[in-house]
Amino acid sequence: MPRILLTGGAGYIGSHTYVALMAAGYEVTILDNFENADRGVIDRLARLSGTEVDVVEGSVLNRTLLDRLFAEKSFDGAVHFAAKKAVGESVARPLDYFEANIGGLVTLAQAMRDAGVFRIVFSSTATVYGEPEVFPLTEDLPLSYTSPYAFTKLTCEQILAQAARADPWVVGVLRYFNPVGAHPSGLIGEDPRGIPDNLMPFIAKVAMGEMETLRVFGNDYDTPDGTALRDYIHVMDLARAHVQSLDALMEGRAHTLNIGTGSPVSVLEMHAAYQDAVGRTLPYEIAPRRVGDVPKLYADPARAREVLGFSAEHGLEEMCTSSWTWVQAQARGWGFNS
Ligand code: WQD
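Conventions adopted
Residues numbered from 1 in each chain as written. Predicted model: local features only at pLDDT ≥ 70, side-chain atom pairs only at ≥ 80, totals over all residues. Heavy atoms only, no water. UniProt positions renumbered as here; feature names shortened; annotations may be inferred. Helix = DSSP H or I, 4+ residues; strand = E, 2+ residues; numbered from the N terminus. Contact = heavy atoms within 4.5 Å. Phe/Tyr/Trp six-rings, centres within 6.5 Å; stacked < 30°, edge-to-face > 60°. Lys NZ or Arg CZ within 6 Å of the ring centre and 35° of its normal. Near = heavy atom within 4 Å. Polar contact = N/O pair within 3.5 Å; in protein donor to acceptor, adjacent residues only side chain to side chain. Pairing = 2+ DSSP bridges. Right-handed = clockwise from strand over helix to strand, strands pointing away. 1 Å grid on protein atoms, 1.4 Å probe; cavity = no way out; pocket = protein on both sides within 12 Å on 5 of 7 lines; lining within 4 Å. Points joined across faces, edges and corners; volume = space filled by probe spheres on them. Nonpolar A, V, L, I, M, F, W, Y, C, P; charged D, E, K, R; others polar. Expected span 1.5 Å × (residues − 1). Bend = angle between axes of the 7 residues up to and from the residue. Buried < 20%, exposed > 50% of the residue type's maximum accessible area, 1.4 Å probe, protein only. Salt bridge = Lys/Arg side-chain N within 4 Å of Asp/Glu carboxyl O.

Engineer: What is the right way to look at the UniProt feature "domain: NAD(P)-binding" (unreviewed entry) in the protein chain in this model?
Structural biologist: Mapped onto this structure's residue numbering, the UniProt feature "domain: NAD(P)-binding" (unreviewed entry) falls at residues 5-321. This span, residues 5-321, is 40% helix and 18% strand, and a straight line between its end C-alpha atoms measures 31 Å.

Right under this line is the structure:
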């Protein structure tokens, strides 16, 4: 079966995609600098996949390392996750985001080109739609950026489009909506360093008693319950979308796709669903709107269904129960040297 380089494969979405690719019969090498991932995940990936993990510690900015990797292994393609992804941090440190996200992609793509490897799945984001007014979001909407992070993702999409005019690239761009949840085993999940940015890790910390209360950023939006709407997608569905994207690239079928459920969920609905999963009241308070937030963001998932045959299968309850299983298992430890 084809061999794939999985950059950022020790991270949240990368680790779930690793498990899905191995289960699909791909051979996978993980490249990760562990800047935003715990090394213990590798043992747990070995447990989940039933075999040793081929992992290389290093950065996609290290061209010498990449050249050695592509010389040693005959890769058929790459899935590129390795990037910085915190919107707020990107506002404070834009140059670090340009270096890591744009510099990282260009360095990887140059190494791939020089090794004659032209299939790449690129991890993009729905925030390339800026502040949309038409819903649900389709892939042909105008693109813009509201943060340096979104700028790097939009720029990388366009870099790959330009590169494909010069060389025979076959590119899969996946625009994620809001990834949440965890593998049902509780062995892998979202493991943000420090104070989380995202909603579900925050609710999880309240459920674990690590934070007092959830702050709901605004309840005066033009939405059914006043809180913002997002298209939350289970990370297991998102991982499967990457396998189907890669399968399409192996057949020479390039694509740019929204990966979402098409079903918007509000902050208060997510809070209530998590509360049901935990089985007790989770305190929250209404706080001011967060700067930069958009009121709504949800996908029209039709093109992913047409092009890949992909549809999300896991619902809100599984998103919350799998997250709750994960954070409890993480707190207990996994009972082996991880
Ligand atoms: C979701 C909703 C918040 C925390 C970002 C990036 C996106 C992707 C996912 C990288 C919003 C509300 C949150 C809290 C809250 N990241 N919220 N209290 O902002 O939609 O998307 O993360 O790929 O690119 O833009 O996700 O989880 O931060 O927020 O009320 O403590 O939850 O206001 O409405 P977001 P989020």
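Engineer: Would you take a moment to explain the environment of Pro-196 for this structure?
Structural biologist: Note that Pro-196 resides in the loop between β7 (178-180) and α7 (199-207). In sequence terms Pro-196 and Ala-86 are 110 residues apart; their C-alpha atoms lie 9.4 Å from each other. Those residues within four positions of Pro-196 in sequence are excluded, and the remaining contacts are Pro-201, Phe-202, Lys-205 and Met-211.

Engineer: Before we go on, may I ask you to explain the packing of aromatic side chains in this structure?
Structural biologist: The way to describe two aromatic rings as a pair is by their centre distance and the angle between their planes. The tally for this structure, following the rule as stated, stands at 6 aromatic pairs. Plain terms: the ring middles of Tyr-145 and Phe-151 are 5.0 Å apart, the flat faces sit at 75 degrees to each other, and that makes the pair edge-to-face. In this structure, Arg-44 packs its charged tip against the face of Trp-334, placed 3.8 Å from the ring centre. Positioned above the aromatic ring of Tyr-221, the side-chain terminus of Arg-289 is 4.1 Å from the ring centre.

Engineer: Even after reading the chapter, I still don't get the site of the ligand, so can you show me in this structure?
Structural biologist: The environment of the ligand is made up of 20 residues, and the closest members are Tyr-149, Leu-199, Arg-215, Arg-230 and Asp-293. With respect to the ligand, the side chain of Asn-198 contributes an N or O atom lying 2.9 Å from an oxygen atom. One nitrogen or oxygen atom from the side chain of Asp-293 is found 2.4 Å from an oxygen atom belonging to the ligand. Elements with a contribution of two residues or more to the shell around the ligand: α7 and β8 (214-217). It is β8 that contributes the most residues to the shell around the ligand, 4 residues altogether.

Engineer: For this particular structure, what's the right way to read the pairing of strand β3 (residues 54-57)?
Structural biologist: Consecutive side chains along a regular strand alternate between the two faces of the sheet. Looking at chain direction, strand β2 (residues 27-32) and β3 are connected through 4 bridges and run parallel. Across the sheet, the residue bridging to Leu-31 is Val-56, located in β3. In this region the chain leaves β2, passes through helix α2 (residues 40-49) and returns to the parallel neighbour β3; the handedness of that crossover is right-handed.

Engineer: Quick question: what am I supposed to make of the layout of surface pockets here?
Structural biologist: Sizing a probe to match a water molecule and rolling it over the atoms shows the empty space that remains. The calculated volume of the second largest pocket comes to roughly 220 Å³. Together, 15 residues line the second largest pocket, and Glu-190, Ala-204, Trp-326, Val-327 and Gln-330 are the ones closest to its centre. Looking at the lining of the second largest pocket, the elements that each hand over two or more residues are α7 and α11 (316-332). Looking at the lining of the second largest pocket, the element that brings in the most residues is α11, giving 5 residues. Tallied by class, residues from the lining of the second largest pocket come to 8 nonpolar, 3 polar and 4 charged.

Engineer: I would appreciate a short explanation of helix α5 (residues 94-114) in the present structure.
Structural biologist: The periodicity of an α-helix, 3.6 residues per turn, causes residues three or four places apart in sequence to face the same way. Between the first and last C-alpha of α5 there are 29 Å, a value that for 21 residues agrees with the 30 Å anticipated at 1.5 Å per step. The sharpest bend along α5 measures roughly 30 degrees and falls at Gly-103. Taken together, the buried positions of α5 are Tyr-97, Ala-100, Asn-101, Ile-102, Gly-104, Leu-105, Thr-107, Leu-108, Ala-109, Ala-111 and Met-112. Those residues of α5 hidden inside the fold are in contact with β1 (3-7), α3 (63-72), β4 (77-80), α4 (87-92), β5 (119-125) and α6 (148-166). After α5 finishes, the residue Gly-116 shows a positive phi value of roughly 75 degrees.

Engineer: Where do I start with the pattern of salt bridges in this structure?
Structural biologist: For the coordinates displayed, the defined rule picks out 19 salt bridges. With a closest N to O distance of 3.5 Å, Asp-38 and Arg-44 form a salt bridge. On the accessibility criterion, Asp-38 (34% relative accessible area) is partly exposed. Of the residues examined, Arg-44 reaches a relative accessible area of 3% and is grouped as buried. Measuring nitrogen to oxygen at the nearest pair gives 3.9 Å for the salt bridge that ties Glu-139 to Arg-303. Of this pair, Glu-139 sits in the loop between β5 and α6 while Arg-303 sits in helix α10 (residues 302-308); the two residues are 164 residues apart in sequence, bridging distant segments of the chain. In this structure, a network of salt bridges that share partners links the residues Arg-3, Glu-27, Asp-54 and Lys-73.

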